[in-house]
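Summary of the model geometry
The lines below spell out each chain.
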Number of protein chains: 2
Amino acid sequence: MIGVFDSGFGGLTVLNSLFEALPAYDYLFLADSARAPYGARSPDVINDFTLESVEWLFEQGCTTVILACNTSSARALRNIQQLHLPRHRPHHRVLGVVRPSVEALIGLPPGTIPGETPPSSASGTVAVLATESTVTSDSYGIELRKLAPSLTLIQQACPLWVPLVEAGELSGPGAEFFLQRALTPVLERPEPPQRILLGCTHFPLLLPALRRLIPPGIEILDQGALVATRFADWLARHPEHESKLTRHGSRRFATTDDPAWFAARGERMLGHAFTAERARLRPILPTPSEDHRPPNALRR
Amino acid sequence: MIGVFDSGFGGLTVLNSLFEALPAYDYLFLADSARAPYGARSPDVINDFTLESVEWLFEQGCTTVILACNTSSARALRNIQQLHLPRHRPHHRVLGVVRPSVEALIGLPPGTIPGETPPSSASGTVAVLATESTVTSDSYGIELRKLAPSLTLIQQACPLWVPLVEAGELSGPGAEFFLQRALTPVLERPEPPQRILLGCTHFPLLLPALRRLIPPGIEILDQGALVATRFADWLARHPEHESKLTRHGSRRFATTDDPAWFAARGERMLGHAFTAERARLRPILPTPSEDHRPPNALRR
């Protein structure tokens, strides 16, 4: 199965794009909605919660997992890829949304590998709108400087956008005040961005309101669609992982909160009704050797 | 020690009132900030998380625990008092904030016991502003109907108020839009309330903005002060529990998130700097007999 993880409901928007692009595969979606949102939590906690969720997906039979959560991709993915998988799960893969999103922001083809291809000569300005934790992690900046060092990146934290979406406040004067509050420092730059990425899976639900506030000359990137396209490309380039995935078109949904509660609230994000099951995650206790990993290098 | 629990930072406002009213006791404050806020989670999850937190406080040496969280008091306290304590902790006590708040809303002296004293003849209208989960639980309604059946209670859910406080958005057009949105159905009743209780520990930080929006003839009840006053009275009436509490004036702070992260963000709520420690909670697995408890009666 393909595992898809998000802290909350938002990842259902990415899942929808995956269903459209790659309908034949079997999917298991997990939302850690009992502990969402992650965007303002500490890096250590985001790392622990994400790893517990990924391990649960592995135990259910997923061999490739997509972190549809930007905060998890920004805060936990490097740890999982560089420490956890080589040691405990060498044949499994975990992919994030930051890297494909940066490729799309730059306008690069999928799968560009830093060091193997020359950096893009793209110049100008692009912007990422994201949670506080994603911005503070500078994950988008780190990837972008490797792939297109002459491109200027604006990273803007958007406090309250996730709570607005979760409360169903997608338009109106209150919502637009907080949308404008985060957009103003981006749009009023001397050199405003050519492209804006919505770097949080909740934000696509704010698109109608955002389109009214962002000038039409600025492209707004839909993360769900670009992640699905680039994941399809990744599968084509990695037959050793693609061949492990079953193809019965099955779709399972799991949550750490009450399943009926989750399904009732998630229906709007997915676009149709579904039933969910309860996932009980096990705490991951650090092994002694993992306690000695360089804290600043990998647990930013 | 006296244990004080809240899902997040908000309980520090109650803790401050306890320090003022009862400075001699030893306190241990626990915030489950890695999983806050609780206000929109399912009843089962709130119950589990609260019980894990209470058990951690017991293990640290607390014999009396105050649930400073309205959502936990509304959703988990009955389960803990009626099922968990008699079975596992017969000599420990857990108290909530709903009952003392209802007494204060009615204007009753502390410790009024339903069935032993005749119901209050108070009439008129009062209001509680709270999270979605607290309102849905009807905990304020249940207590109020026992103590003052002829009093009319307005219960108003205030979505986004907790995220506004956590984002530091305490005033301005955006915040006031969402304050007004919840206040309008309360204030525009044919019979507006004589008293309004802020039934969430985060809300006192919105008081300056709320005072501008609520007519001066309506009394706004400060939950921290009333909980501290009524807890002092409870201690005086329960020497068998009061005598177990140590009195060295010590104050410990614990969080399930990163301690430095929590202390930096909690300073504004407490009014002064503090250091915190990390609490690692253990999942409470239901015993077979507990699985058969009446689900609707006790796990609403």
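Residues numbered from 1 in each chain as written. Chains lettered and ligands numbered in written order. Predicted model: local features only at pLDDT ≥ 70, side-chain atom pairs only at ≥ 80, totals over all residues. Heavy atoms only, no water.

Observations concerning the relation of the copies chain B and chain A
The transform that puts chain B on chain A rotates by 180° and translates by 0.0 Å along the axis, for an RMSD of 0.0 Å. Taken together, the rotation angle and the small translation identify this as a two-fold axis. Mapped onto chain A, 100% of the interface residues of chain B are again interface residues, and the two copies thus contact each other with one and the same surface. (Least-squares fit on C-alpha atoms with pLDDT ≥ 70 in both. Contact = heavy atoms within 4.5 Å.)

Section: the sheet that holds strand β1 (residues 2-6) of chain A
Residues and elements named next belong to chain A. Here we have six strands laid out as an open sheet, ordered β4-β3-β1-β2-β9-β10, and parallel in their pairing. Among the strands making up the open sheet, the edge pair consists of β4 (93-95) and β10 (277-278). As defined by bridge partners, strand β9 (residues 251-255) adjoins β10 across two bridges and the pair is classed as parallel. Each residue of the ladder has a partner; that of A254, found in β10, is E277. The strands touched by helix α1 (residues 11-21) within the sheet are β1, β2 (27-31), β3 (64-67) and β9, with β2 carrying the most contacts at an inclination of about 170°. (Pairing = 2+ DSSP bridges. Helix = DSSP H or I, 4+ residues; strand = E, 2+ residues; numbered from the N terminus. Axes fitted to C-alpha atoms, helices over the stretch in contact; angles between N-to-C directions.)

Examining the UniProt feature "active site" (unreviewed entry) in chain A
Residues and elements named next belong to chain A. Feature annotation in UniProt places "active site" (unreviewed entry) on C69 and C200, given in this structure's numbering. Spatial clustering of the annotated residues is evident: they stretch over 132 residues in sequence, but the largest pairwise C-alpha distance comes to 6.9 Å. Tracing the backbone shows C69 in the loop between β3 and α3 (70-75). Aside from chain neighbours lying at most four places away, what touches C69 is F5, D6, S7, Y38 and V97. In this structure, C200 sits in the loop between β7 (195-198) and α10 (207-213). Accessibility expressed as a relative area gives 7% for C200, which makes it buried. Apart from the residues within four sequence positions on either side, C200 is in contact with N70, L129, T131, V162 and Q223. (UniProt positions renumbered as here; feature names shortened; annotations may be inferred. Buried < 20%, exposed > 50% of the residue type's maximum accessible area, 1.4 Å probe, protein only.)

Section: the sheet that holds strand β5 (residues 124-130) of chain A
Residue and element names in this part refer to chain A. In space, the four strands of this open sheet follow the order β6-β5-β7-β8, with parallel pairing throughout. Two strands close off the open sheet at either side, each with one partner strand: β6 (151-157) and β8 (219-221). Mean inter-strand twist for the sheet, computed between neighbouring axes without regard to direction, equals 20°. Bridge count between β7 and β8: three bridges; the pairing is parallel. Its bridge partner lying in β8, I196 is registered against I220. Of the strands in this sheet, β5, β6, β7 and β8 touch helix α5 (residues 98-106), which is tilted by about 165° from β7. On the sheet, helix α9 (residues 173-187) packs against β5, β6 and β7 and is oriented at approximately 160° with respect to β6.

What to know about α9(A)
At A:R181, α9(A) is deflected by roughly 30°, the largest bend along its length, and proline A:P185 occurs up to four residues later in sequence. For α9(A), every residue scored as buried is listed here: A:G174, A:A175, A:F178, A:L179, A:A182, A:L183, A:V186 and A:L187. (Bend = angle between axes of the 7 residues up to and from the residue.)

A look at the domain arrangement of chain A
Interfaces are often sized by the amount of accessible area the parts lose when they come together. Residues and elements named next belong to chain A. Under the domain assignment used here, chain A contains domain 1 (2-96 + 225-298) and domain 2 (99-223). Inter-centroid distance (C-alpha atoms) of domain 1 to domain 2 is 22 Å. With 25 residues of domain 1 at the contact, the number on the domain 2 side is 31 residues. Both faces combined, the contact of domain 1 with domain 2 buries some 2,200 Å², and carbon together with sulfur accounts for 56% of it. The largest contributions to the domain 1 side of the interface with domain 2 come from N70, L226 and R230, which together make up 30% of the buried area. Linking domain 1 with domain 2 are one salt bridge. With a shortest N-O distance of 3.0 Å, R230 and E103 are connected by a salt bridge. (Domains from an automatic or database assignment. Buried area = accessible area lost by both parts, 1.4 Å probe. Salt bridge = Lys/Arg side-chain N within 4 Å of Asp/Glu carboxyl O.)

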